[in-house]
Amino acid sequence: MVEVTITVNGTSYTRKIHPLMRLLDFLRDELKLKGTKEGCGEGECGACTVIMDGRTINSCLVLAASCDGKEIITIEGVGGAELHPIQRAFLEVGAVQCGYCIPGMVLSTKALLDKNLDATEEEIKEAISGNLCRCTGYQKIVEGVKLAQTKMKESRGEACECGRS
Amino acid sequence: MSYRVIGKEVKRVDAVNKVTGKAKFTDDFFERDMLIGKVLRSPYAHAKIKNINVDKAKALEGVVEVLTYKDLPNIKYATAGHPYSLDPKHRDVADRTILTDKARHVGDSIAIVIAKDELIAEKALKLIEVDYEVLPFVLDPEKAMEPGAPIIHDDRPNNVISSVGQEFGNVDEDFKNADYVFTGEYETSVVQHCHLENHTAYAYMENDRIVIVSSTQIPHIARRIVAEALGLPWGKVRVIKPYIGGGFGNKQEVIVEPMVAAMTLAVNGRPVRYTMTREESFIATRTRHAMKFYMKTAVTKDHKLQAIHIKAISNNGAYASHGHSIIMSAISKFRPLYNFKSFKAEPKTVYTNLPSAGAMRGYGVPQIFFALESHLDDIAKKLNIDPIEFRMNNVIQAGHVDPISKLTVRTFGIPECIKKGKELIKWDEKQELYKNQTGEKRRGLGMACFSYFSGTYPVCLEVAGCRIAMNQDGSVQLMLGATEIGQGADTVFTQMAAEAIGIPVDMVHIISTQDTDVAPFDTGAYASRQTYITGAAVKQAAIEVKKQVLEIASRKTGLKVENLDIVDGKIIEVGLNRLICDISEIALEAFYDRIDSKPITSDTSVNVRTNAIAYGVSFAEVEVDMLTGQIEVLHLINVHDSGTIINPILAEGQVHGGVSMSLGAALSERLMFDERTGAPLNNNLLDYKLQTIMDTPNIEAHFVELPDPTGAFGQKSLGENPTISPAPAVRNAVLDATGVAFNKIPMNPQSVFEKFKEEGLL
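Only a predicted model underlies this, so the values are computations on that prediction, with no experimental measurement involved. Just so you know, the residues in each chain are numbered from 1, in the order the chain's sequence is written. Naming scheme: in the order in which they are written, chains are lettered from A and ligands are numbered from 1. A pLDDT threshold of at least 70 governs which residues receive local features in this predicted model, and a stricter bar of 80 or more applies before side-chain atom pairs are shown or counted, although totals over entire chains, interfaces and linings include all residues.

Asks: Give a detailed account of the overall build of chain A, specifying residues and quantitative values.
Replies: Helix and strand definitions follow DSSP, with helices as H or I runs of at least four residues and strands as E runs of at least two, each counted in order from the N terminus. Helices and strands together make up the secondary structure of chain A, namely five helices and five strands. Counting helices and strands in the order they occur from the N terminus, chain A gives β-β-α-β-β-β-α-α-α-α. For chain A, the C-alpha radius of gyration of 16 Å lies close to 15 Å, the compact-globule estimate for 165 residues. Once the C-alpha set of chain A is aligned to its principal axes, its extents read approximately 50 × 40 × 25 Å. Three exposure classes are used, based on other C-beta atoms lying within 10 Å of a residue's own C-beta, which is placed from the backbone: buried for 20 or more, exposed for 12 or fewer, and partly exposed in between. Taken across its 165 residues, chain A has 55% of its residues classed as buried. Note on contacts: residues are paired as contacts if their backbone-placed C-beta atoms lie within 7 Å. Nonlocal contacts in chain A, meaning residues at least 24 apart in sequence, comprise 60% of its contacts between residues at least 6 apart. We compute the radius of gyration from the C-alpha atoms alone; for a globule the expected value is 2.2 Å times N to the 0.38, where N is the number of residues.

Asks: Before we move on, can you summarise the domain arrangement of chain B with the specific residues and values?
Replies: The extent of an interface is frequently quoted as the accessible surface area lost upon association of the parts. Residues and elements named next belong to chain B. As used throughout, domain bounds are those supplied by an automatic or database domain assignment. Domain boundaries in chain B define domain 1 (15-22 + 462-608), domain 2 (31-135 + 199-275) and domain 3 (290-456 + 610-758). Across the boundary between the two partners, domain 2 contributes 19 residues, which contact 19 residues of domain 3. Here the nonpolar group is Ala, Val, Leu, Ile, Met, Phe, Trp, Tyr, Cys and Pro; Asp, Glu, Lys and Arg are the charged ones; every other residue, Gly included, is treated as polar. In terms of residue class, the side of domain 2 that touches domain 3 is built from six nonpolar, seven polar and six charged.

Asks: So what about unusual backbone geometry? Which residues, and what values?
Replies: All names here are of chain B. In this model, Y457 is joined to P458 through a cis peptide bond whose omega is 10°. Counting through the fold element by element, P458 comes out in the loop between β17 (441-452) and β18 (462-470). With a phi angle near 70°, D33 is a residue other than glycine that sits in the positive phi range. Here D33 is to be found in the loop between α1 (15-19) and β1 (35-41). Judged by the 9 C-beta atoms lying within 10 Å of it, D33 falls in the exposed class. Phi is positive for H303, which is not a glycine, with a value near 65°.

Asks: Please set out the sheet that holds strand β3 (residues 49-52) of chain A residue by residue, giving values where relevant.
Replies: Residues and elements named next belong to chain A. Pairing between strands requires that DSSP locate at least two bridges from one strand to the other. The sheet built from five strands is open, its strands ordered β2-β1-β5-β3-β4 with mixed pairing. Only two strands of the sheet have a single neighbouring strand rather than two, namely β2 (11-17) and β4 (55-58). Neighbour-to-neighbour, the strand axes of this sheet turn through a mean angle of 40°, independent of strand direction. One ladder, built from two bridges, connects strand β1 (residues 2-8) with strand β5 (residues 71-73); its direction is parallel. Along β5, the bridge assignment pairs V8 with I72. Whenever a helix is involved, its axis is fitted only over the stretch in contact; in every case the axis is a line through C-alpha atoms, and angles between N-to-C directions fall within 0 to 180 degrees. Running at roughly 30° to β3, helix α3 (residues 102-115) makes contact with β3, β4 and β5 of the sheet.

Asks: Describe the pairing of strand β10 (residues 200-206) of chain B, listing the residues and the values that go with them.
Replies: Residues and elements named next belong to chain B. By the criterion of burial, β10 is predominantly enclosed, with five of the seven residues buried. With four bridges joining them, β10 and strand β13 (residues 272-275) adopt antiparallel strand pairing. Bridging from a neighbouring strand, A201 pairs with Y274 of β13. Pairing of β10 with strand β11 (residues 209-214) involves six bridges; the strand directions are antiparallel. By the bridge assignment for β11, E206 is matched with R209. In this antiparallel pair of consecutive strands, β10 and β11, the connection spans two residues, and N207 shows a positive phi of 55°.

Asks: Which residues make up the domain arrangement of chain A, and what are the values?
Replies: Residues and elements named next belong to chain A. Structurally, chain A comprises domain 1 (2-77) and domain 2 (85-159). For domain 1 and domain 2, the distance between their C-alpha centroids amounts to 21 Å. Counting residues at the interface gives 16 residues for domain 1, matched by twelve residues for domain 2. Contributing elements (two or more residues each) for the side of domain 1 that touches domain 2: β3 and β4. When residues in the side of domain 1 that touches domain 2 are grouped by element, the largest group, three residues, is from β3. For the side of domain 1 that touches domain 2, the residue count by class is seven nonpolar, seven polar and two charged.

Asks: Any chance you could break down helix α16 (residues 583-592) of chain B for me, citing the residues and the numbers?
Replies: In an α-helix, one turn spans 3.6 residues; hence positions three or four apart end up facing the same way. Residue and element names in this part refer to chain B. Among all positions of α16, only I583, I586, A587, E589 and A590 are buried. All buried residues of α16 fall inside an arc of 160° around its axis, so they share one side. Buried residues in α16 make contact with β18, α15 (530-557), β22 (564-567), β23 (570-573) and β24 (578-582). The arc in question is the one spanned by the directions pointing from the helix axis to the C-beta atoms.

Asks: Describe the interface of chain B and chain A, listing the residues and the values that go with them.
Replies: Listed by partner, the interface residues are 42 residues for chain B and 38 residues for chain A. Every element with two or more residues in the side of chain B that touches chain A is listed here: α1 and α17 (648-667) of chain B. For the side of chain B that touches chain A, the element with the most residues is α17 of chain B, which contributes seven residues.

Asks: How would you summarise the sheet that holds β1 of chain B if you had to cite specific residues and measurements?
Replies: All names here are of chain B. Strand order in the open sheet made by the eight strands is β3-β5-β1-β13-β10-β11-β12-β21, with mixed pairing throughout. Edge positions in the sheet fall to β3 (63-68) and β21 (514-515), since each of these pairs with one other strand and no more. Sitting on the sheet, helix α7 (residues 257-266) touches β1, β3, β5 (109-115), β10, β11, β12 (237-241) and β13, and the angle it makes with β10 is about 40°.

Asks: Got a sec to walk through the packing of helix α6 (residues 219-230) of chain B against α7 of chain B? Specific residues and values, please.
Replies: Residues and elements named next belong to chain B. For the pair α6 and α7, interaxial distance at closest approach is 9 Å and the crossing angle is 55°. Regarding the angle of α6 to α7, the classification is oblique. Note that α6 runs across α7; the crossing there is right-handed. Here α6 contributes A222, I225, V226, A229 and L230 to the contact with α7, which in turn contributes E257, P258, A261 and A262. Looking at side-chain class alone, the contact of α6 with α7 contains eight nonpolar, no polar and one charged residues. Any angle between 65 and 115 degrees counts as roughly perpendicular, while under 35 counts as roughly parallel, over 145 as roughly antiparallel, and the rest as oblique. In this scheme, a crossing is called left-handed if the near helix is turned counterclockwise away from the far one by less than a right angle; it is called right-handed if the turn is clockwise.

Asks: Could you give an account of the nonpolar core, naming the residues involved and the relevant values?
Replies: In this structure, A203, I212, V260 and A497 of chain B are the most contacted members of the largest nonpolar core, which totals 296 residues. Once residues within four sequence positions are removed from consideration, I212 of chain B is found in contact with A201, A203, V226, V237, V239, E257, V260 and A261 of chain B. We define the nonpolar core as any set of buried residues of the types Ala, Val, Leu, Ile, Met, Phe, Trp, Tyr and Cys, connected via C-beta atoms lying within 7 Å of each other.

Asks: Give me the lowdown on the pairing of strand β16 (residues 342-351) of chain B, citing residues and values where you can.
Replies: Residues and elements named next belong to chain B. In terms of burial, β16 is largely enclosed, as eight of its ten residues are buried. Here strand β7 (residues 160-162) runs beside β16; their pairing, made up of two bridges, is antiparallel. If you follow S162 over to β16, its bridge partner there is T349. The pairing of strand β8 (residues 166-168) with β16 spans three bridges and is antiparallel.

Asks: Now, about the environment of K744 of chain B: what can you tell me, with residues and values included?
Replies: Residues and elements named next belong to chain B. With respect to the helices, strands and loops of the structure, K744 is situated in the loop between α18 (726-738) and α19 (749-758). Take K744: there are 18 C-beta atoms within 10 Å of it, and that puts it in the partly exposed class. For the pair K744 and A666, spaced 78 residues apart in the sequence, the C-alpha separation amounts to 8.8 Å.

Asks: Account for the environment of C133 of chain A, with residues named and values stated.
Replies: Secondary-structure assignment places C133 of chain A in the loop between α4 (121-127) and α5 (139-161). When the C-alpha atoms of C133 of chain A and K34 of chain A are compared, they prove to be 19 Å apart, with 99 residues separating the residues in sequence.

Asks: Describe in detail helix α2 (residues 85-93) of chain A, supporting the description with residues and values.
Replies: Judged by how many residues are buried, α2 of chain A sits mostly within the fold: seven of nine residues are covered. Phi turns positive one or two residues past the end of α2 of chain A, at G94 of chain A, with a value near 85°.

Asks: An account of the confidence of the model for chain B is needed here, citing residue identities and associated values.
Replies: Overall, the prediction assigns chain B a mean pLDDT of 97, with 100% of residues at 70 or greater. Here the complex is predicted with pTM 0.97, and the ipTM for its interfaces comes to 0.97. Within a predicted model, pLDDT stands for the predictor's per-residue confidence, ranging from 0 to 100.

Asks: Explain the packing of helix α9 (residues 324-333) of chain B against helix α10 (residues 365-383) of chain B to me, using residue names and the numbers behind them.
Replies: Residues and elements named next belong to chain B. Packing of α9 against α10 brings their axes to within 8 Å, and their N-to-C directions diverge by 50°. With respect to each other, α9 and α10 are oriented oblique. Both α9 and α10 take part in a crossing whose hand is right-handed. For the pair formed by α9 and α10, the contact residues are S329, A330, I331 and K333 on the first element and V365, Q367 and I368 on the second. Taken together, the residues of the contact of α9 with α10 sort by class into four nonpolar, two polar and one charged.

Structure follows, in C-alpha cells:
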C-alpha cells in the first residue's frame, strides 16, 4: 500500500492505496465519484477523461500512486449550484444522447476553452478527437462547444464589468 | 393538426443528469460485499474440451468460486431479445449454454471465476487448466456449406441455420421475357456496435429471487431469457435497467444477465458484478452480419423494373442469436419502395466459427440496401440513364399493398425526400461541374433510398403498456416498460403525455428506470418501435387520465365533459375559453374528496396491428484521392420521411449518429480475423476504425413531415433508419467520381488502392 494525497475538485484527499490502483478507480471506488466513466480501459475512447493540472488525461492509464500532489478536476467539479456554460450549451443544442461519453467530452472541452476561448473549429475538433461517441456523429457536440465559447465569453464580459477580472 | 408540445424542441428530460455526471449507469451502483466475476474465453475457433481442471484457481486466496459447464444446468437457450412465441416452431434457435463444453469461436465462454477483486479474478483465470481437442474451423459461410466442412452444431450438419425465403409473381417468366437482365454481387463486412459502455450487469438474491441490474434494452425479455437459461420460474427473476451507455441492438441480446444470475446463485446470493472488457465486448457479444448478395434484375426497354431475384448469404457466426430473422427482415423491409412485378429471395443464414452476429441498428436492412442501391446505380450506368430518374420511374405510390406482408403504405415521402435532397446538394449544378475529371482528386455525387418498418408487425403482434398516476399537484408519473437507451425515448414519451393530457412537460415525471417488478409490460427498445408502438399506449393512458380529470371538473361545475378541456395545466370551458381552475385543484379533490376519493390513474396496454413504413434518402458528395485511395466525404445529407417529428433536436441527433455509423461501415470499420486461426485481429477501439470527430463530415438532417394516419401523433419510425442509406450513397458517389464500382465495403484506403490497381488506374 502507498499513501497519496490528491486534490480532487478542490478538496485534498489522503488515502492508502494499492500501488496498481488506476486513477479512474481511485476516483470511482475510493472517492465514489461515479461521473467518470470507463469505456475501454486502455486510453482509446476518452470516456474516463479528467483534467490533471490543466491538461486532459485518460484516468484509466494513470496510476493513482503517481498522482501524489496533483490537482484533478472531474465532472463533479464542473459547475456547481448552477450548470457550467459548457454543460448548459451541451444541453441546449442537444449534444447528449446516451450520455456515457459526455463527462469526458465536457472535460476535454473545458481544458480547451480554459486555455483558448477563441479556439477555431479545427482546434475544437482536435481537442475532442480523443473522445469517441457512437450516438451523436459529433455534430451537436461541436455545436455545443461553439455555443459554450459564446456563453463563456459573455460571462467573462459580465465578470469584467463588475470589476472582478 | 396543431400541437402544443409535439414537434417542439423540448430539452431532453435526462440532459441535466447526464451533463453533470449524476446519471447512474449499471456500474455506478454499488452493493455491499460485491464480488467480481470474470470469464475464461476460448483461444481456439473450434475445440472440444477434453478436460478442465479448476483446482488451482479455486485454491487461490480471494477466489470464492469457479464454475464450468459441469456446474451449471445443461439447458440450451436462445439469446435473441425477441418476444416469446407461443408456437414452439417460431421460437429462436436454442443452441447455447451459459458455459460450453465445446468452443465454437475464439472468445467462447469456457469458465467463470468469482473473486474478491479484479486482480485476483484475472490471476485465477490463468490458473484454470483446459485440455482442448482442437478441431478444424471455418470462417467463410460459403465454405461452411460445402460437404465435409467442420460441423459447428450437431443438429445442423450443413451449418445452415435456415434457408426459408419469400417470393411473389413469376420470376422465371419475367426473366425469360425481359428486355434486359442485370446481375451483380455485393458484400458487406463484419462490423460492431461499439456502444461506449461495455456489456455489464450485477446480480444478487433477495429471499429466493434473483435481482439483476443490467445495461439492457429489453428488461422484460431479459427476465424471461435468464429464467429459461437457468430453468427457473420466470417470476423468480427481477431485472432492473438504469441508464444505459448505448446499445444499438447489442443490448437487445441477453448475454451477461444469465451469467451474473448463475454467479450469484453459486455464491449464496452474494452480489456479483461482471463487466466485459472492450476486447471481450468485440468478440463475446454480437456483431453485424456480413452478408453477400447475388442480385439479378429484369428491366424493360422503358426502364421499368420487372423482376428481382436475390440470393443472399448471411454469416451468422457461432451461435444463432437472432439468426435468420435478420435476413428475413432485410428481404421484407426493402420491398415497399420499388414496383417489382415479381420477386424471389433465397437467403441462407449460416453458422461459421466467427463470434455470433446478432441485432444491430437496421437489422439486416443496411446490408440489403447497400446491395440494392449499388445495383440500381450499376444498372443506370449501363443503361446510361440518370440514377435518380431511374428510381423515380420505378417507385411505388401511397396505397401500395405489399403482396406478401399485406402491409399498406399510407404515406410515401420518397418523391419529396428526393426533391429536397437534390436541391440541397445542388445535384444538377454539380453533376455538370464534375463531368470528365482527370486529376489526382476527383469529386462525385451519389444517392440512395431506403424503406424501413415501424416495429415488427405482422411478424409479431405489438404490445406496449403505460401507467400514469397523477400527484396531488396535478403533475403525473409516467411509467413505461419501454426503455431510454440514449435515443431520447423518455423525452418524446414525456411530450406525448403532456400533449394528450394538456399539461406542461415539466409536470410529467417519467420514471427512466425499468424494474420488471413494477414497470408495465413492454418488449423494449428494438425495431424502431417505441415512438410508434409505445407512443400509442402513452396516448391512450393520457386520454384516460384526462377523462378522469374532466369528469371531476364536470361534477364540480355542472358543465358537460365535452364542454371542458385542459390547456397548459388549467381547466377551461371550451368556446368561452374561460378559466375554471388549476388542474391541481382537481387532483387534490380526487385524492381527498370526502365522498368520492379516488386518485387519478390509468394503467393501460395496447396492441398495434398496423405498421407505418418510413422512408428516406441519402445524398453524398465525395472527393477521392486517386493516388492514395483516400475517400473524403465532403457533404452528407439525409432526408427522412418519418411522419410527424415529435422532437426535431432529438430527431436530428438520431440522424447524425446513424449516418456516422453508416459512414464508418462504408469507409473504415471492419472487424478482422486471422484466417489461419480465427482469432480477432483488431478487437479494440484503436485498431477497429470507428469514426472520430476528425473523420466525420458535415452531416445534414432534414425531414419531410407527412403525418401517418396510423401513428398516434402521425409519427413513423426513425431510430434505425439513418443507418441504412449513407453507405450506398457514398459508394455511388465514388462510382460517379472514379467510374469504379466498389461492391464490397468498407472502402478503406487499402481496398480502394488495390481496386484502382486492379482496374488499371494506378
